[in-house]
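# Structure at a glance
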Amino acid sequence: MERFIIERDIPGIGEFSLTELCGAARASNQALATIGPSIQWQHSYVAAQKTFCVYLAESEEEINKHAELSGIPVSNITKVSQIIDPLTANN
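The present account deals with the structure reproduced in this document. Because the structure is predicted, anything quoted here is derived from the model rather than measured. (Residues numbered from 1 in each chain as written. Predicted model: local features only at pLDDT ≥ 70, side-chain atom pairs only at ≥ 80, totals over all residues. Heavy atoms only, no water.)

### Some thoughts on the overall build of the protein
Our working definition: Only DSSP runs of H or I with at least four residues qualify as helices, and only runs of E with at least two residues qualify as strands; both kinds are numbered from the N terminus onward. Buried means the residue's accessible area, taken with a 1.4 Å probe over protein chains only, is under 20% of the maximum for its type, while exposed means over 50%, and partly exposed covers the values in between. Should any heavy atoms of two residues lie within 4.5 Å, those residues are considered in contact. Accessible surface area values rest on a Shrake-Rupley calculation with a 1.4 Å probe, where residue burial reflects the displayed protein chains alone. Think of it this way: Lys and Arg go in the positive column, Asp and Glu in the negative one, and His and the chain ends go nowhere. By convention, the charge on Lys lies at NZ, on Arg at CZ, on Asp at CG and on Glu at CD.
Helix and strand counts for the protein come out as two helices and four strands. Of the regular secondary structure in the protein, the N- to C-terminal order runs β-α-β-β-α-β. In the protein, which comprises 91 residues, the share counted as buried stands at 30%. By sequence separation, contacts in the protein at least 24 residues apart represent 72% of the contacts at least 6 residues apart. A total of about 5,800 Å² of accessible surface is found on the protein, and carbon and sulfur atoms cover 54% of it. Mean positive and mean negative side-chain charge positions of the protein (6 and 11 charges, respectively) differ by 3 Å.

Spelled out as structure tokens, the structure:
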């Protein structure tokens, strides 16, 4: 599987209540259960008008299928080519 960053433009998401965010997570989890193990949601960052979601998936098609089933729109999908962190400096 490949790692992807999914950008989603969702007006006002930064002000959503915990209940609203739980509803979105439930919709995502239901779509993931329907699709199966070819896609995994790792976590999401919520910002003012967007979310940035980290997924493992076999393809962009799996991400688009998840968006369709969950009703959560996709604005942009970017494949992650490398991960760096503070420990990268030790190489």
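On we go from here.
### Topic: the nonpolar core
In plain terms, the rule: As used here, the term nonpolar core means buried Ala, Val, Leu, Ile, Met, Phe, Trp, Tyr and Cys residues forming a set that is joined through side-chain atoms within 4.5 Å.
If you look at the biggest cluster of nonpolar residues, it comprises 10 residues: Phe4, Ile6, Leu32, Ile35, Ile39, Cys53, Tyr55, Ala57, Ile63 and Ile77. With three residues, strand β3 (residues 50–57) is the largest single contributor of residues to this core. Discounting chain neighbours no more than four positions away, the residues touching isoleucine 35 are Glu62, Lys65, His66 and Leu69.

### Structural notes on helix α2 (residues 60–70)
Our working definition: For this quantity, the arc is that covered by the directions from the helix axis to the C-beta atoms.
Taken together, the buried positions of α2 are Glu62, Ile63, His66, Ala67 and Ser70. Seen from one end, α2 has its buried residues packed into an arc of 140 degrees, which puts them on one side. Of the exposed residues in α2, the ones pointing more than 90 degrees away from its buried face are Glu61 and Glu68. Those residues of α2 that are buried are in contact with β1 (2–9), α1 (18–35), β2 (39–46), β3 and β4 (76–79). Following α2 by one or two positions, glycine 71 has its phi on the positive side, about 80 degrees.

### What to know about the sheet that holds β1
What counts is decided by this rule: Two strands qualify as a pair provided that DSSP identifies no fewer than 2 bridges between them. In this analysis an axis means a line fitted to C-alpha atoms, helices contributing only their contacting stretch, and an angle means the value between N-to-C directions, from 0 to 180 degrees.
Judged by pairing direction, the sheet is antiparallel, and its four strands sit side by side in the order β2-β3-β1-β4 without closing on themselves. The open sheet has two edge strands with one neighbour each: β2 and β4. Neighbour-to-neighbour, the strand axes of this sheet turn through a mean angle of 20 degrees, independent of strand direction. In this structure, β2 lies alongside β3, joined through seven bridges in antiparallel fashion.

### Comments concerning the side chain of serine 70
The cut-off we apply is this: Think of a polar contact as two N or O atoms within 3.5 Å of one another; within protein, one of them needs to be a possible hydrogen donor and the other a possible acceptor, and neighboring residues in sequence only count if both atoms come from side chains.
Structurally, the position occupied by serine 70 is in helix α2. There is a polar contact of 3.4 Å between the side chain of serine 70 and the backbone oxygen of alanine 67.

### Here's the deal with the pattern of salt bridges
What counts is decided by this rule: Salt bridge, as applied in this entry: a Lys or Arg side-chain nitrogen positioned within 4 Å of an Asp or Glu carboxyl oxygen.
Under the criterion given, the structure shown has three salt bridges. Among the ionic pairs, glutamate 7 bridges to lysine 50, the shortest N-O distance being 2.4 Å. In this pair, glutamate 7 sits in strand β1 while lysine 50 sits in strand β3, placing the two residues 43 residues apart along the sequence. Residue classification places lysine 50 among the partly exposed residues on the basis of a relative accessible area of 26%. In this structure, lysine 50 and aspartate 9 form a salt bridge, with 2.8 Å as the shortest nitrogen-oxygen distance. Taken as a pair, lysine 50 in strand β3 and aspartate 9 in strand β1 lie far apart in primary sequence, 41 residues in all. Residue class for aspartate 9 comes out partly exposed when judged on its relative accessible area of 37%. What you see here is one network of salt bridges that share partners, running through Glu7, Asp9 and Lys50.

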